[in-house]
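Here are the chains, one letter per residue:
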Amino acid sequence: MTHEAAVLRARDIAGRVLAPSAGQNDKAGRFSIEAVDSLGKAGLLGLMLPVELGGSGLGPRTLAPVTAILAEADASVAMVYLMHILGAATIMRARPTAAPTVTPILQEIAAGRHLSTLAFSEAGSRSHFWTPMSRAHRNGSGVRITAKKSWVTSAGHAQSYVVSALAPEGKGPTDSTLYVLPAETRGLSVAGPWDGLGLRANASAPIALDNCEVPSHFQLTEDGAGFQAMLNVVLPLFNLGTAAVALGLCRAAVAGTASHLKSAKFEHLGQSLGESLPTLRAQLAAMQIDTDGLSARIDDLIEHFEKPRETTMLRVLETKAAAGDIAIAVTSAAMRICGGAAFSKHMSIERLFRDAHAGAVMAPTGDVLREFIAKLLLGMPLF
Ligand SMILES: Cc1cc2nc3c(=O)[nH]c(=O)nc-3n(C[C@H](O)[C@H](O)[C@H](O)COP(=O)(O)OP(=O)(O)OC[C@H]3O[C@@H](n4cnc5c(N)ncnc54)[C@H](O)[C@@H]3O)c2cc1C
């Protein structure tokens, strides 16, 4: 599949499958199985997997627009997609001894029949996902893991979970190891409901691991190398992807607001809202400027991925921090401009506003990113 074909397929699914049911799924907190099925059939679940395994071998330059297009129609599905891509990317980079386990999983992903996700955050260390409280314990050649994973996107719907735990002999708080656990692993269960303010249709429920037996070929990283995988594989793509979700939300907010300003009328004045009120036009323009600014940031980050340089990590951190703030600002402006109509849920703006608040609290949170950025500037250690 080419870049252009991937973007076209995402657009088709967004218009045909996501947009018609986004409102209902949000209201009901319903995970869209149809969306995942369509993404699988379109070959988009294997977007970044190597061609030899049946994937499309595409990179961040395609991931960003595909994710943004999905988010413009339904940010819940876009986040499900992003967490899957991150799970797949981590599984793909597994150590060679995991090949008997990961090769069939990757082939299933490429065939569109397997959804993965990340289970990093824990109840004890909260948003500091790089310091798991759980520890893997030796069990023959494998390990046993007991953990409380506090939020896991696609919980109960994914076929596999990429799980972190402190390495059995790990000495420091970040000496973690990553494992892949099939959904049917004994002791793995969804430990509660998901009823969030936003992204209500992405099943980000807690997962409990109760003495789960994990054979050695389900171990993705070397002992203690989980932290490096989080930093080098997951963080850059996650920050790019959440920025793309934010961009999709901003674009939807601009489009929804413009449409409202054209269609809502002051009948006593014989004018639309947009014709009548320059203040609303100015606010709409500010939304558009912020949205295009975010788009430029995302392009800049992709260029940094393609030609890594000294500023790449800074851009990784900045892009998600900025995206979280921009999505909240743009959707808040949309709420204000669209007035009582938005507040009364007559339009999708309030869903965008709620969904936009997830990006900044998903780890690394906006606050943590600002901490990291300042520490980088001051030459201080990040962890
Ligand atoms: C919709 C959704 C989906 C999610 N999906 C997943 C998933 O698939 N997998 C997964 O592993 N996790 C997932 N998470 C969890 C997410 O990544 C965070 O771990 C979680 O949102 C943190 O919430 P908390 O209440 O524990 O934050 P806390 O850690 O309690 O933070 C509270 C506040 O303190 C601030 N803060 C924390 N540390 C610092 C610091 N060092 N400096 C300055 N400020 C700080 C935070 O920014 C925040 O404002 C998801 C979360 C949401 C909301």
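Every value quoted in this text rests on a predicted model; they were computed, and no experiment measured them.

> When you look at the side chain of His84 in this model, what are you seeing that I'm missing?
Note on placement: His84 falls in helix 4 (residues 75-92). Judged by relative accessible area, which is 0%, His84 ranks as buried. Those residues in contact with His84 that sit more than four places away from it in its chain are Leu45, Ile109, His114, Leu115 and Ser116.

> In this structure, what is going on with the packing of helix 4 against helix 6 (residues 226-263)? I would like to understand it.
If you want to describe how two helices pack, look at the angle between their axes and the distance between the axes. Direction vectors running N to C along helix 4 and helix 6 enclose 165°, while the axes themselves pass 10 Å from each other. Put simply, helix 4 runs roughly antiparallel to helix 6. Here the hand of the crossing between helix 4 and helix 6 comes out right-handed. Counting all contacts with helix 4, which are made through Ala75, Ala78, Met79, Leu82, Met83, Leu86, Ala89 and Thr90, the residues of helix 6 involved are Val233, Val234, Leu237, Phe238, Gly241, Thr242, Val245 and Leu249.

> Explanation requested: the packing of helix 9 (residues 312-337) against helix 11 (residues 349-361) in the structure shown.
Look at helix 9 against helix 11: their axes get within 8 Å of each other, and the N-to-C directions meet at 160°. Taken together, the axes of helix 9 and helix 11 are roughly antiparallel relative to one another. Judged by the twist between their axes, the crossing of helix 9 over helix 11 is left-handed. On helix 11, the residues touching Lys320, Gly324, Ala327, Ile328, Thr331, Ser332, Ala334 and Met335 of helix 9 are Ile349, Glu350, Leu352, Phe353, Ala356, His357, Gly359 and Ala360.

> Would you mind going over the sheet that holds strand 2 (residues 137-139) with me for this structure?
Taken together, 4 strands build an open sheet; the order of strands is 2-3-7-6 and the sheet is antiparallel. A single partner strand is all that each edge strand has here, and the edge strands are strand 2 and strand 6 (188-190). Neighbour to neighbour, the strand axes of the sheet diverge by 20° on average, direction disregarded. Of the strand pairs in this sheet, strand 2 and strand 3 (residues 142-152) are connected by 3 bridges, and their pairing is antiparallel. Within strand 3, the position partnered with His137 by the bridge is Arg144.

Thresholds, definitions, all that
- One numbering rule holds for all chains: residues counted from 1, following each sequence as written.
- Given that this is a predicted model, residues contribute local features only at a pLDDT of at least 70 and side-chain atom pairs are listed and counted only at 80 or more, while totals for whole chains, interfaces and linings are drawn from all residues.
- Water and hydrogen atoms play no part in the side-chain values, which are based on all heavy atoms of the structure.
- Comment: elements are numbered from the N terminus, with helices defined as DSSP H or I runs of at least four residues and strands as E runs of at least two.
- Per-residue accessibility, obtained with a 1.4 Å probe over protein chains only, is compared with the maximum for each type, and a residue is labelled buried under 20%, exposed over 50%, and partly exposed between these values.
- Working rule for contacts: check all heavy atoms of both residues, and any pair within 4.5 Å makes them a contact.
- Axis definition: a line fitted to C-alpha atoms, limited for helices to the stretch in contact. Angles are taken between N-to-C directions and run from 0 to 180 degrees.
- In these notes the angle categories are as follows: under 35 degrees is roughly parallel, over 145 is roughly antiparallel, 65 to 115 is roughly perpendicular, and the rest is oblique.
- By definition, turning the near helix anticlockwise from the far helix through less than a right angle yields a left-handed crossing, and turning it clockwise yields a right-handed one.
- Any two strands with at least two DSSP bridges between them are considered paired.

Any functional reading would require information beyond the geometric quantities listed.
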